[in-house]
Each structure stands twice: as structure tokens, then as C-alpha cells.
Amino acid sequence: MAERSFKKEVQSLRLGDGDEFRGEGILAVTKALLQSGVSYVAGYQGAPISHLMDVLADANDILQELGIRFEHSASEATATATLAASVNTPLRGAVTFKSTVGTNVASDALANLASGGVTGGAMLIVGEDYGEGSSIMQERSHAFAMKSQVWLLDPRPNLPKIVEMVERGFELSEASNTPVMLELRIRACHVHGRFRTKANRRADYSLKDAIEQPRRDTSRIVLPPSSYLHEQEKVSKRWPAAVRFIEERGLNEFFDGDAKDVGIVMQGGMYNGVVRALEVLGLADAFGNSRIPLYVLNVTYPLVDAEVTRFCAGKRAVLLVEEGQPDFIEQALHAVLRRADLQTRVHGKDVLPMAGEYTGGVLAQGIARFVEKAAPELLAGRPLPRAARPPGAVAPEGAAAAAKDAPVVARIDPASIRRPAPKPKADPVAAVAPHVHARPPSFCTGCPERPIFTAMKLLERELGKHHVSCDIGCNLFSILPPFEIGATTMGYGLGWAGAAALNTQETSKRTISVMGDGGFWHNGLTSGVGNAVFNKTDNVLLVIDNGYSAATGGQDVLSSKAENAIRSTNNPIERAVRGVGVDWVRTVTRTYSVAQMRDTLREALTTPVKGPKVVIAQSECMLNLQRREKPKQRAAIAAGERIVRERFGVDPDTCTGDHSCIRLSGCPSLTVRDNPDPLRTDPVAAVIDSCVGCGLCGEVSHAAVLCPSFYRAGIVHNPDGGDRRRDRWRRRIVGWLQGRIERRLEGLSA
């Protein structure tokens, strides 16, 4: 069950010649694939392109009508290896995954694919997860393109250009016998717009043709001496063919302006931000017409030397907008201009940050610095907007500074660019910081993984601390408060491999490794479990089986319980680990039973049995459960059906204010309130309305032998006659008992 359904939106993929498509970037990419005549599509989900996999899954009937094979690949390496179908045959194929972590996984297959080259068009659509919203290491796909010589497309973020670059990308791949990589940032994935569609194309050369008429060309296999010839072919044939195609088809774009002696060169994906920054500075209008000439690199690798020199010739200076580091394009730009003996000055990382996302404010400041250096007359007498002011800038004296919020006109001292900027006199962030509490990422309300780490914290009291090797996925939140469990994480499915070195007969203490079901099927079964069996490790693996690849949006995996019409599910993890040689396996079918989780982990850590030990902790992802059940409940309530919704609460008279329940679970539904007893000052625990009734708070209390203050209540919607009678009797009895207490207190006070 994916995060959301696109069943309605995918109907727009049926649009024909001359129709108008309206929607977001991911749907536009899918439509472009269908218009390009692909024969197969594969991939692995991950931000920011998870929705592309979800759209393809929801559009599977449309794909089948066109004879297109669609696969949820086991990993990014599997997806990239799928492109082998295009090596010897004129099949067009595309794969998609998250970069750069996915590209890391895929790099072996990618290198072999790029070395031998392709006959049909082969495209890798990668989600460039770089910047402030990213959850991964900050690297760029550009390095992979350069390393393996794969052409890198970075389309200007509007739908017509994205669609055009998908279609042209296949042609470029075929013209140069080289795979291409289409890079999409999160804003490109979700940008909305419109374009005129073409009819979907069924491939001229089908999968049936490729299967029934197999072709082979041993010169495409990476074996000596062919591997040496591949390198020569790359530089003597494929590269020139790609450059020629890019230039002749005009894949890169030029936008003229009246300030002829300066210019801006940019990655295509940066176009919208650059134009907006120019508009803020008064150097462009709302329609993108810029006073400064623009050179938009919709293909960032390879560069076309002739285009670069043509754009830069006669200009005093150009600004290169290249997000991230290292500054690959900037270095290449310097080399191209020096070889052409052009003395145009190149600005880039001297006025823009070396690292970090180029947000609107960053671009406005950087472009303002460039203009101040290269063409100050463009801003002469014009106040800089607040967004473009350098940090700590002070408004100049004079008429412009008379107003309280006057913009800055002062020239920027170039030397100040590299010096730490002075703090502003009034920092609004600092002013509110004492009143806004930090909110580290954490598990969702009712998450079945939370009780697992609660059990580990309880066990820590008994057995002391253990080295914990974490994995990629929701389980990684355990490294943060309140659990603070976990020492390292090395990659998706590499949780157990990350503790491989920590094996010795000199101690009886064991390490714990953690892995989600998504990571287990992605890489963990071979790299973790198989490796542990082969090397006779004596440590413990905890596999969290929540039913989905939850961290990427709730896609099904092999062990999912849900029935999937186009995938095989219900393949138990326990059977898989026993199949590769693990004898000691325990499965906990309800993770919310904290005591059972604690006891099972204790057994794994203390058993005299030697060899690898695997604990499988099962409970469905609460987000997916709520997505499925809440609509049903709302519909039933609206239809007048009796529905009982469970939730928990805390009796304030019983709560001691110890708050161990909060420290041991960290549930977002648990908070504190003022103590109703005037004789007690400590605040009491309280459960807020976001509670989903998972029962963990009560389980924690009993497993930790804390307190009996938690109670479970059933909220009845559309009560029947029996419910109403029970409610009347309860009110009478409770009222009578409370009256006795009040009368006794009155007697005591008298």
C-alpha cells in the first residue's frame, strides 16, 4: 500500500496528439516515457522520486496495453542491470531511483553498462536528493556521470522542457551508444504546469522480438581486449557524437539580454531560482525576460566547448551557478576558456557558497555580489531588497535609510565575502529560540518500532550497554532522544555488516544489529545474514518487519502481508534466514508487547547457543494501517454504524509525575499538564487527541513496573440502546461514589 494512490491522475497518461496535459512533474515524466516508445521500466523507490514508482504501479494496466514490462526492482543495482536489455537490441528502457545513495548501490552495474555501451536508448532517472530537505549524505550525481561517462541531463524545471529532455535523452543515448542520466530535484518532481501531448507509442521492436531473436556482440562485454577498446571508443566516437547531437538539436538554451558584457551560466535545474533572484533584483520581469544573458545547461555533462566559447566571447565576466561541491563545471569552464584563449572572468564559488542548497535567498545574495563586481551600473542607485543583502549589512545613511526598513544600497566589500559575517543587531531566530523547543525527527504516533527500542532500553538496565549497529530506514530514529541507541549506520541493508568486525572469543558480550524489512530484502539477506552465517558470527540481528518499505512511502516488499495483484508477497523473513543457514530464530508477532520483546532480546543476548541469532519483530506500520482504516471508520460513522475507537489516558490522581513513560517511549501523544492537586507541584503525564490506541504507554508502564496510572477507554460513535443504558448506570454509580468521597472530605474539614 503506497503512501497515496494515483489511480485518478494516471488517466491523463492516455491523452493523445494535441491534447493538453495538466499536472505535476512526475506524471509528466511518465507521460514522456510512454510517448518515447519504451519497452521496459524498472526502479527502486526513494525520495524525491518515490512517486514515480507509485505512478508506474498505478498505471500498470496502461503499460501492459503498450507492451511495457514494469518491475519493482530488488535494489538500485538490480534496476540498473535491467538496462542490459538495451545493450544488444534497439529496446528503449528506463530505470529510476534515489541518488546518490541509490547511485552508489548501482555503480557496479552502471560502470559495466557505460563501458560496453548500448544500442537502444537507456535512461536512468535519478532523484537528486541534495539540500536542506535531504536525509542522506550530501553528494552529487555529477561525479558518477563523469566517472563512468554517462551523459547527465538537468532539465529546466518546467513541464514542456522536462518532457522534451526525456524524449531527446533517448535519442541522445542511441546517437552516442551511451546511457544517459536524467537528474530531477524535488522541486522539478513536483512542479505543476501544462504541455501539449503526443500519442503514446508502442515500441517498434518489442520484448517478444528480443526474446525470440536473441542477439549477441562479444565486443560489448567488458573483457580484455574489448575493455581497452571501450575506453578509446568513449573518447573517439561516443563523446564527439554526443556533443554533435547536443549542439545540433539545441538541447542547451540561450536567453539574450541587453547587458551584453556579462552573462550567467547555470545548471538547468537552477533556472527558476536564478530568474526569480534576477526579478527580485529588478534585472528580470515576471515572465523570465532577463537583462543579463543566460546560458542554461540542460545537459551538464558533457559540456559543449563551442557553445561555451560562443556565449562567453566578448563578455567581461560570467557567473556560473553550480549547486553543490566539488565545483566540477566551474573547473571545466575555466579549462574551456583558457584553451580558447578567452580572458572572460569566471565567477562562481567566490560569490556563491561552496556547499549547500542554492535557495532563493542564497541566489539573490550571490547574484547581487556578482553584479556588484562585474556590472555595478546595473544596480546603480537601486536599493537591494532585504533578501539580497549580505549578512550583517547596515543601511547607508541618506534618504534611502530614512525609513525604518530601508533597503541597502552600499557597495559590497569583496574582502568581506570570505570573512565571517558579523551578527545582525536583532536576530529574530535568536529572539524566539528560548520559546521554541527542538523537535528531533522521531517515530510516528503508534509506530510499532517504538516499543522495540523501549524494550532495548529496559534491557539495558539489566545487561548494560551493547554496541548497536543501525540501518537506513525508520529504525534510524532510535539514535535520537529519548532512546539514544545506535553507534553507526553504513547503508541500506548493511546493519549487520556494520558490526562484522566486532566478533571475538575474548568476551561473551554480543552486539546488536538492526535492520528493517525493506533493507533486509534490498541488501541485508546477502550482505548481512549470509555474511554472518558464512563467518560464524555469534552476534544478534533484529529485523523489524512492519509489512512495507515504510520509510520510502509504504510500498510492498516480499514479506508484506497485503495481497498485491502484480507482485508476490507473503514470503516470510524467517523462512529466508533459515534458508541461508540461521538456526536460532525467534519471531515476535506483536511488537507492542514490550515484555515479550524484552524477554526475547534477553534470550538472544544471553543464550549459550553459538552462531548467528535473528529476532524478527512484526507489527504493521501504523501510518499504513491508519491510511487504510480511517477512511473506513469515517464512512461507517457517516452511515450511522456503531464504531468503537480505543484510546488511552492517564489518571491525574494516580500519576506520580515521574514521567518514565515519556522517557521510555517518546510517543508524540504523551505530554505533561499541570497537576490538579494543589499539594503536588510536579506536572502529570497526559495523552492528547492524536492517540491512536496502540497501547504502548500502558505496556511500557507494566513492563517497566512503573505505575498503574494508564487506563484504556473506548470512544463509541453512534451508540446503540445498550451503550446508552450502560452509560446511565455508570454515571449513577460513579456519581454516588464521588458523592461519598465529597461527604467524607466535608466531614474531615469540619
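Let me begin by describing the structure that accompanies this report. The written sequence of each chain sets the order in which its residues are numbered from 1. This being a predicted model, a pLDDT of at least 70 is required before a residue's local features are given, and a value of 80 or more before pairs of side-chain atoms are given or counted; all residues contribute to the totals for chains, interfaces and linings. Side-chain metrics in this entry use all non-hydrogen atoms of the structure; hydrogen atoms and water are not considered.

### Comments concerning the packing of aromatic side chains
Any Phe, Tyr or Trp ring, taking Trp's six-membered ring, that has another such ring centre within 6.5 Å forms a pair; planes under 30 degrees apart are called stacked, those over 60 apart edge-to-face, and the others tilted. Within the structure shown, the criterion is met by 14 aromatic pairs. Where Trp 151 meets Trp 239, the ring centres are 5.9 Å apart and the plane angle is 85°; that geometry is what we call edge-to-face. With Trp 151 in strand β6 (residues 151–153) and Trp 239 in helix α10 (residues 226–249), this pair connects stretches of sequence that are 88 residues apart. Three or more aromatic residues link up through ring pairs in this structure, and these residues are Phe 443, Phe 453, Phe 477 and Phe 483. Two conditions define a charge sitting above a ring: the NZ of Lys or the CZ of Arg must be within 6 Å of the ring centre, and it must be within 35 degrees of the ring normal. The ring of Trp 729 is capped by Arg 732, whose NZ or CZ atom sits 5.3 Å from the centre of that ring. Comment: elements are numbered from the N terminus, with helices defined as DSSP H or I runs of at least four residues and strands as E runs of at least two.

### As for the sheet that holds strand β13 (residues 317–321)
One bridge is not enough; two strands pair if DSSP finds at least two bridges between them. Reading across the sheet, the 5 strands line up as β9-β11-β10-β13-β14 and stay open at both edges, with mixed pairing between neighbours. Strand pairing shows two members of the sheet lacking a second neighbour, β9 (253–255) and β14 (345–347), which therefore form its edges. Averaged over all adjacent pairs, the angle separating strand axes in this sheet is 20°, with direction ignored. Pairing of β9 with strand β11 (residues 294–297), which is carried by 3 bridges, proceeds in the antiparallel orientation. Along β11, the bridge assignment pairs Glu 253 with Val 296. Packed onto the sheet, helix α13 (residues 328–339) meets β10 (262–267), β11, β13 and β14 and runs at close to 175° relative to β14. Axes here mean lines fitted to C-alpha atoms, for a helix over just the part in contact, with angles spanning 0 to 180 degrees between N-to-C directions. Whether two residues are in contact is decided by their heavy atoms: any pair within 4.5 Å suffices.

### Details of the pairing of strand β7 (residues 180–184)
Remark: exposure states derive from per-residue accessible area (1.4 Å probe, protein chains only) relative to the maximum for the residue type, with buried under 20%, exposed over 50%, and partly exposed in between. Of all 5 residues in β7, 5 are buried; the element is thus mostly enclosed. Alternating positions in β7 separate into two faces, Val 180, Leu 182 and Leu 184 on one and Met 181 and Glu 183 on the other, with burial throughout. Alignment of strand β5 (residues 122–128) against β7, held across 5 bridges, turns out to be parallel. From the neighbouring strand, Leu 124 faces β7, where its bridge partner is Met 181. Where β6 lies against β7, 3 bridges are found, and the strand directions are parallel.

### Observations concerning the pairing of strand β2 (residues 40–43)
Of the two faces of β2, the one carrying Tyr 40 and Ala 42 and the one carrying Val 41 and Gly 43 are both buried. The sheet contact formed by β2 and strand β3 (residues 69–72) spans 4 bridges and is parallel. Each bridged residue has a counterpart across the sheet, and for Ala 42 the counterpart in β3 is Glu 71.

### A few points about the sheet that holds strand β18 (residues 540–545)
With parallel pairing, the 6 strands of this open sheet are ordered in space as β16-β15-β17-β18-β20-β19. Taken across any chain shown, the strands that pair with only one partner, and hence form the sheet edges, are β16 (488–489) and β19 (584–588). Taken together, the 6 bridges between β18 and strand β20 (residues 613–618) define a ladder with parallel strand orientation. Residue pairing across strands places Val 540 opposite Lys 613, the latter belonging to β20. Seen against the sheet, helix α16 (residues 450–463) touches β15 (468–470), β17 (512–516), β18 and β20 and runs at an angle of roughly 150° to β18. Each of β17, β18, β19 and β20 is contacted by helix α19 (residues 594–606), which is oriented at about 175° to β19, the strand it contacts most.

### Some words on the nonpolar core
By convention a nonpolar core is built from buried Ala, Val, Leu, Ile, Met, Phe, Trp, Tyr and Cys residues, the set being connected through side-chain atoms within 4.5 Å. Met 123, Leu 124, Ile 125, Leu 172 and Leu 182 are the most contacted members of the largest nonpolar core, which has 74 residues in total. Beyond its immediate sequence surroundings of up to four residues, Leu 172 is in contact with Trp 151, Leu 153, Val 180, Ala 242, Phe 245 and Ile 246. Counting 34 residues, the second-largest nonpolar core is a separate cluster that includes Met 270, Ile 292, Val 296 and Val 371.

### A closer look at α10
For α10, the principal kink sits at Lys 234 and spans about 45°. Listed as buried for α10 are Ser 226, Ser 227, His 230, Glu 233, Lys 234, Arg 238, Ala 241, Ala 242, Val 243, Phe 245 and Ile 246. Check the buried side of α10 and you find it contacts α5 (101–116), α6 (142–148), β6, α7 (159–176), β12 (299–301) and α12 (305–312). Phi for Gly 250, located one or two positions after α10, is positive at around 60°. Bend is computed residue by residue as the angle between axes fitted to the seven residues ending at the residue and the seven residues starting at it.

### Considerations on a nonpolar patch on the surface
Patch criteria: residues need more than 30% relative accessible area and no salt bridge. Like-charged residues are merged within 9 Å; nonpolar side chains of Val, Leu, Ile, Met, Phe, Trp and Tyr are merged within 5 Å. All accessible-area figures derive from a Shrake-Rupley calculation using a 1.4 Å probe, and residue coverage is judged against the displayed protein chains alone. Whenever Lys or Arg places a side-chain nitrogen within 4 Å of a carboxyl oxygen from Asp or Glu, that contact is recorded as a salt bridge. On the surface, a cluster of nonpolar side chains totalling about 470 Å² of accessible area is made up of Trp 729, Ile 733, Trp 736 and Leu 737. Take Trp 729: it is sitting in helix α23 (residues 721–749).

### Points about the environment of Ile 264
Structurally, Ile 264 can be placed in strand β10. Residue Ile 264 is classed as buried on the basis of its relative accessible area of 0%. The sequence separation of Ile 264 and Val 540 amounts to 276 residues, and the corresponding C-alpha distance is 56 Å. With residues up to four places along the chain from it excluded, the contact list for Ile 264 reads Val 274, Leu 278, Ile 292, Pro 293, Leu 294, Tyr 295, Phe 311, Leu 319, Val 321 and Phe 370.

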